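Structural features, examined
As a plain string of letters, each chain reads:
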Amino acid sequence: MNDAALPRLQLRGITRRYGSVLANDGIDLTVMPGEIHALLGENGSGKSTLSRIICGLTRPDAGSIEWEGRDVAPLNPSRARALGIGMVFQHFALFESLTVAENIALSLQGSGREAELAARIKEVSTRYGLPLDPARLVASMSAGERQRVEIVRCLLQQPRLLILDEPTSVLSPAAIGVLFGALRQLAAEGLSILFISHKLDEVRALCARATVLRAGRVAGTPGPEAFDNASLLRLMLGAEPAACRLEPQSAGAPMLELEGYVLPSEDPFGIDLTDLSFAVHAGEIAGIAGISGHGQRELVAALAGETQRGQRGRLRIAGHDVTDLPVAARRAVGLALVPEERLGRGAVVSMSLAGNALLTGARHGLVRRGFIHHAATHAVAQRIISAFDVRTPGTRATAAQLSGGNLQKFIVGREIMLAPRVLVVAQPTWGVDVGAALRIRQSLIDLRTQGCGVLVISEDLEELFQICDRIAVIRDGRLSAFQSRAETSLQQIGQMMSAGAAVHA
Amino acid sequence: MSGSYVIALISATVIAATPLVFAAVGELVAERAGVLNLGVEGMMLVGALAAFIVSTHSGSLLLGFAAGAGAGLALALLFALLTLTLQTNQVATGLALTLFGSGLSAVLGRPYAGHPGATMPVLFHFDAAVYLALAMVPFTAWVLNRTRVGLLIRAVGESPQTAHALGKAVQSLRYGAVGFGGLLSGLGGAYLSMAVTPMWVEGLTAGRGWIALALVVFSIWKPWRVLLGAWLFGGMTVLQLHAQALGLPVPGEFMSMLPYLATILVLVLICRNPRLLRLNQPASLGRPFHAEH
Amino acid sequence: MPDWLPALERRPAPSSVMRMAAPLLAALAITLTALLAFAALDLSPWSGLYTFFISPIASAYGVGEWLLKATPLALCALGLSIAFRANVWNIGAEGQSTAGAITGGGVALYLAPQLGGAGVPVMLFAGIAGGMLWAAIPAWLRTRFNTSEILTSLMLVYVAQLLLAWLMHGHWQDPQGFNYPQSRAFDDALILPLLADGQRATSAVWMTALLALATWVLVRWSYAGYRMWVGGEAPAAARYAGFSEARSVWLGMLISGGAAGLAGIAEVAGPIGRLQTSISPGYGFAAIIVAFVGRLHPLGVVLAALLMSLLYLGGEAAQLELGLPAAVTGIFQGLLLFYLLAADVFTHYRLRRPPVARPA
């Protein structure tokens, strides 16, 4: 067998189980030298587990890993690195309190001189169009800039396989173009690239071949001839995806209003919210699009009432001025909230579902004169479980025992069952499997039909266009005007999200 | 007040500060790696006793110091085994370490209670240990900021998960940092029982280990500031002892309260500024880390 | 970690079996340690064990001593268990106990004689209030200045003890006391009534039982307890739900401070009968261990307090009968907590199952 035909990476029969979940079930994967290979799949399909196995963070329960013809299992992170496997994580493996150069130095073996390393960083980063200043503190960098550090860090180690996990979720369209240019250049030089994504357009634009995962198994390995949306979606989802139906309806009174709202950030490297003015009405779903890290977290915390220091302007819920009121008071006038973080914020990990139902659900008569009615908490939890199709052993199961999708259904269900006047939802279907995502989106639409006002903050443009009546863009803590869905398009919103376009209030 | 009296006060301050410098610098390194070891008081006590016993029996001060350092190290490794390998709660384990160290030193030290120890040879008012403590400060600063080991420690202190993902030996680094902390705490205790108050009594440290913990916060985890804080506290101790001579009309018990009240004040001054803490406190401090497989 | 060492992997849910078993395992380990210690000292292990664990409680008087020592431990530990559940680390129970002794004792010495029958309740309330006041300082420093209560509450222990010393050497010293640092004895009317004649345990035992019951109700049934627990377990979730962190901190500190204050005045108005410089052999610190060994649960805490009290008594008996130093109790206390923490590991982790063999 000559070298040209020898796969760089060959996985056979990879299997990994987490408790009762079979994350990877007999997966085969082949990546050739110089190939940009896509690993496609919806959330929960097993992509993350597989990539963790390849870079040595997790060991498979069964299966073999061959690197350039040799069996290399068991792998650990340092062995993988030594072989030439580099990984750019979706959530960056960077130390905020250290500089770019220090972060990169940590990954390199020899303790080279500082000046030498700085020069190399500058040289490599500029060569591929991703320039970096070695002395900058990572904490001061945007998500896109941090990704560059990750990539340059990998490149400096002379990788032979580069794994990129959902790299474009934090990039503007322009930056995506730059990244793709760099990747093509690298592939031409012989580097193999494993491009993990669920975005079909990007896969089409970049990749030579794809391995599609579905529910832990390989659903297919299409080549470019089968790269149309319909076939890929069928492989990823197993069937035609059901669409959400959005009947037009007229909006009612404003349920959430901001007037000239300003909130300076307490974090020295955070985003200040500036001059936010908008309203969400009863019977409509308003969406806020934006690249991660442009103030979404700060906005949610401000709406909830968790951060109020230094705020100015007015905030009204269902007509009541709640600007200076704490979280509990805002919930009392009709605010419900589904936060971005499920574990540890939306739900308490080690607590039963009944206990988690009580977290925001005391209003259902679960607390009388300061005492908890435990039977009632179980009843409420059971109602949520039944109404929102939460797969769980029962109300005594802890939040930790639920999958991401089921826990999210529970949290969304809990908030919806509070019969709020306005529901704020952040990243409603992030990390959630397809079936649960569908269910959640439909629940939001049903809530809208019942006359609640819904605000969805999401990085998923397709989702926003599926369920929202009006959409605005948040950038650098400022909000554009809301446009009705019919009057705009994915491309237009995408352009507004990228740097360089002016954002008009 | 004569010049020589002032010099005597200053040198008394530096001497009183030395155990604090040792213990605080050691704990600083452990905390930079993300481990909160509340057992400093216990480690100082066993270090003090071990040093006292060994130096008394062997006549060698050097052996005494080595024994003190070794005792502190041993206790620190026990702490590391529990919190790093067995994943026990760091706060509870640190408290247990202090209680255990106090009890152990009290029991084993009974035959030696009240006995005076040897004196140390002095160079320009100060003995070798003082110079060693002073040298530890720039040494630690240099290691943390300019060497690879220091870089690794800082990385682990911010995020052991990330460091592990990068293939770093998180546990080994933490073991090392905690051990180093114990070594220095033991030295601090040793200096206490061999130089500052050259004798052994039960509970010799009188809370200095806790003050050292507060000093680490005061220093916002920068070694040079430890020196500043230790001198402040050393000065206070000296003031306390000389209050009568200086004619201060404050009852002895209230003077004795000074270091403890000052510790509270110092903590408040630093902690009230959340930005300061966010920028300087090791992000993973006190949180357990378990490497998944 | 080297591959030959058994690795730990996290359990999907904490094992409730191990949670119950861990304190028992720890108690077993302590007993084994004692056996080993006796063997090492050339004492017959079984007679040593008998002397240490059985003989102290073999008489009615012994049982009284057992309850007597368990009472302040349980009182402090019950309060601490509430605070610890909320992640409020009150390390200064010893100081709050001292403060309670001071305020309660001050009332007993100077105010209560005028109050007649109401003297005892007023004295007790003063003790509780003193403990609460002393605990309010770290609570205020945490909620207002973001300062960790661990070190502040601890520093205040030393301050409280010095305050007591100052009073005992000065203004409150018994003029007829031969210059001992202690106050005059409390009036008989203010001494807490005994449980039964022939032993020294007082009605403080009933107060402890009451507190245990109240703690159970608070923890299991009350919304306030639930909010405190969420605040300790998942602070971000508590903020999201609108639970006030400041409120939890205040409640945790005040309840544990008040309980410690009660423990202090009960000691002083009970077996001691006067104020003096040393009123506790470190009960406030031992109570921390009791709270942990008792799994922060009222019933467990009571049982753990009884165990710890036995260790104290055993230490004294060992000193008298076996010639061991009294401070051996301190070592055992520390070891007990170590063993508990180590056994507790298996509540959250288990030994890793070996990976499935790969196909050839």
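Residues numbered from 1 in each chain as written. Chains lettered and ligands numbered in written order. Predicted model: local features only at pLDDT ≥ 70, side-chain atom pairs only at ≥ 80, totals over all residues.

The secondary structure content of chain A amounts to 16 helices and 23 strands. The globule rule puts the C-alpha radius of gyration for 505 residues at 23 Å, and the 24 Å found for chain A is close to it. Each of the three principal axes of chain A carries a C-alpha extent, and together these read 75 × 45 × 45 Å. Put simply, chain A has 505 residues, and 48% of those count as buried. Sequence-distant contacts, at least 24 apart, represent 69% of the contacts inside chain A between residues at least 6 apart. (Helix = DSSP H or I, 4+ residues; strand = E, 2+ residues; numbered from the N terminus. Rg over C-alpha atoms; globule rule 2.2 N^0.38 Å. Buried ≥ 20, exposed ≤ 12 C-beta atoms within 10 Å, placed from the backbone. Contact = placed C-beta atoms within 7 Å.)

Moving on, we get to the overall build of chain B. Summing up its helical and strand segments, chain B has 12 helices and 0 strands in all. N-terminal to C-terminal, the α/β element order of chain B is α-α-α-α-α-α-α-α-α-α-α-α. Taking 293 residues into account, the globule formula puts the C-alpha radius of gyration at 19 Å, and chain B, at 19 Å, falls close to it. Among the 293 residues that make up chain B, the fraction classed as buried is 56%. In chain B, of all internal contacts separated by at least 6 residues, the share reaching a separation of at least 24 is 81%.

This brings us to helix 6 (residues 148-158) of chain B. Since the α-helix advances by 3.6 residues per turn, residues separated by three or four positions end up pointing in the same direction. The buried count for helix 6 of chain B comes to 8 of 11 residues, which makes it a mostly enclosed element. For helix 6 of chain B, the complete set of buried residues consists of Leu151, Leu152, Ile153, Arg154, Ala155, Val156, Gly157 and Glu158 of chain B.

Turning our eyes to something else, we now look at the domain arrangement of chain A. Residues and elements named next belong to chain A. Parsing chain A into structural domains produces domain 1 (3-237) and domain 2 (254-497). The gap between the C-alpha centroids of domain 1 and domain 2 is 32 Å. The interface is formed by 13 residues belonging to domain 1 together with 15 residues belonging to domain 2. Considered class by class, the residues forming the side of domain 1 that touches domain 2 number 6 nonpolar, 6 polar and 1 charged. (Domains from an automatic or database assignment. Nonpolar A, V, L, I, M, F, W, Y, C, P; charged D, E, K, R; others polar.)

The next point concerns the interface of chain B and chain C. Of the residues lining the interface, 39 residues belong to chain B; the matching set on chain C comes to 40 residues. If you list the elements that add at least two residues to the side of chain B that touches chain C, you get helix 4 (90-108), helix 9 (208-218) and helix 11 (252-271) of chain B. Ranked by the residues each element gives to the side of chain B that touches chain C, the list is headed by helix 4 of chain B, at 12 residues. Residue composition of the side of chain B that touches chain C, by class: 24 nonpolar, 12 polar and 3 charged.

Turning to the sheet that holds strand 1 (residues 9-18) of chain A, a few remarks are in order. Residue and element names in this part refer to chain A. Taken in spatial order, the 4 strands of this open sheet run 2-1-4-5, and their pairing is antiparallel. Where the open sheet ends on each side, the last strands, each with one partner, are strand 2 (21-31) and strand 5 (70-71). Note: strand 1 against strand 2, 7 bridges, orientation antiparallel. Directly across from tyrosine 18, in strand 2, lies its bridge partner valine 21. (Pairing = 2+ DSSP bridges.)

Further remarks concern the sheet that holds strand 15 (residues 320-321) of chain A. Strand pairs in the sheet, formed through backbone hydrogen bonds, run parallel or antiparallel to each other. All names here are of chain A. In space, the 4 strands of this open sheet follow the order 12-11-14-15, with antiparallel pairing throughout. Bordering the open sheet on either side are strand 12 (273-281) and strand 15, each of which pairs with just one other strand. With 5 bridges connecting them, strand 11 (residues 254-263) and strand 14 (residues 312-317) associate as antiparallel partners. Across the sheet, the residue bridging to valine 262 is arginine 312, located in strand 14.

Moving on to unusual backbone geometry. Cis rather than trans, the peptide bond between alanine 73 of chain A and proline 74 of chain A has omega equal to -5 degrees. As for its position among the elements, proline 74 of chain A is in the loop between strand 5 and helix 2 (77-83). Of note, the phi angle at alanine 206 of chain B is positive, near 50 degrees, even though the residue is not glycine. With respect to the helices, strands and loops of the structure, alanine 206 of chain B is situated in the loop between helix 8 (170-196) and helix 9. A tally of 17 C-beta atoms within 10 Å means that alanine 206 of chain B is categorised as partly exposed. Of note in the backbone geometry, tryptophan 221 of chain B takes a positive phi value of approximately 60 degrees without being a glycine. In this fold, tryptophan 221 of chain B is placed in the loop between helix 9 and helix 10 (223-242).

This paragraph deals with the interface of chain C and chain A. Each partner contributes residues to the interface: chain C has 21 residues there, and chain A has 33 residues. Of all the secondary-structure elements, those providing two or more residues to the side of chain C that touches chain A are helix 8 (223-233) and helix 9 (235-241) of chain C. Within the side of chain C that touches chain A, the residues separate by chemical class into 16 nonpolar, 2 polar and 3 charged.

Before going further, it helps to examine the packing of helix 4 (residues 93-111) of chain C against helix 5 (residues 119-145) of chain C. All names here are of chain C. The contact between helix 4 and helix 5 brings their axes to 7 Å, and the two run at 145 degrees. Taken as a pair, helix 4 and helix 5 cross one another with a handedness that is right-handed. Residues Gly95, Gln96, Ser97, Ala99, Gly100, Ala101, Ile102, Thr103, Gly104, Val107 and Ala108 of helix 4 form the contact with helix 5, whose own contacting residues are Val122, Met123, Leu124, Ala126, Gly127, Ile128, Ala129, Gly130, Gly131, Leu133, Trp134 and Ala135. (Axes fitted to C-alpha atoms, helices over the stretch in contact; angles between N-to-C directions. Left-handed = near helix turned anticlockwise from the far one by under 90°.)

For the rest of this paragraph, the subject is the packing of helix 9 of chain B against helix 6 (residues 149-169) of chain C. At their nearest, the axes of helix 9 of chain B and helix 6 of chain C sit 11 Å apart, and the two run at 145 degrees to each other. For the pair helix 9 of chain B and helix 6 of chain C, the sense of crossing is left-handed. Contact residues: Trp210, Leu213 and Ala214 of chain B in helix 9 of chain B; Leu151, Leu154 and Met155 of chain C in helix 6 of chain C.

All names here are of chain A. Position of alanine 329 among the secondary structure elements: in helix 10 (residues 327-332). The exposure class assigned to alanine 329 is partly exposed, which follows from the 15 C-beta atoms found within 10 Å. Each C-alpha atom, one on alanine 329 and one on glycine 305, is 9.1 Å from the other, the two residues being 24 residues apart in sequence.

A separate point is the nonpolar core. Ranked by size, the top nonpolar core spans 378 residues in total, and within it Val21 and Ala24 of chain B together with Leu73, Cys76, Ala77, Ala287 and Val290 of chain C carry the most contacts. Both domain 1 (3-237) and domain 2 (254-497) of chain A contribute no fewer than three residues apiece to this core. Aside from chain neighbours lying at most four places away, what touches valine 290 of chain C is Leu73, Ala77, Val301, Ala304, Ala305 and Met308 of chain C. (Core = buried A, V, L, I, M, F, W, Y, C linked by C-beta atoms within 7 Å.)

Turning our attention to the pairing of strand 7 (residues 161-165) of chain A. All names here are of chain A. With respect to burial, strand 7 is a largely interior element, 5 of its 5 residues being buried. A two-sided burial pattern is seen for strand 7, the buried positions comprising Leu161, Ile163 and Asp165 on one face and Leu162 and Leu164 on the other. As paired strands, strand 6 (residues 85-88) and strand 7 are joined by 4 bridges and run parallel to one another. Paired with valine 88 across the strands is leucine 164, a residue of strand 7.

This brings us to the confidence of the model for chain B. Residue and element names in this part refer to chain B. Averaged over every residue, the pLDDT of chain B is 88; the share at 70 or more is 96%. Looking over chain B, one finds the lowest element-wise mean pLDDT in helix 12 (residues 274-280), namely 84, and the highest in helix 8, namely 94. Predicted as a complex, the structure gets a pTM of 0.85 and an ipTM equal to 0.87. (pLDDT = per-residue confidence, 0-100.)

A few words now on the confidence of the model for chain A. Here chain A averages 87 in pLDDT, while 96% of its residues score no lower than 70. Throughout residues 500-505 of chain A the model reports pLDDT below 50, and contacts reaching past four residues in sequence, or to other chains, amount to 15 contacts.

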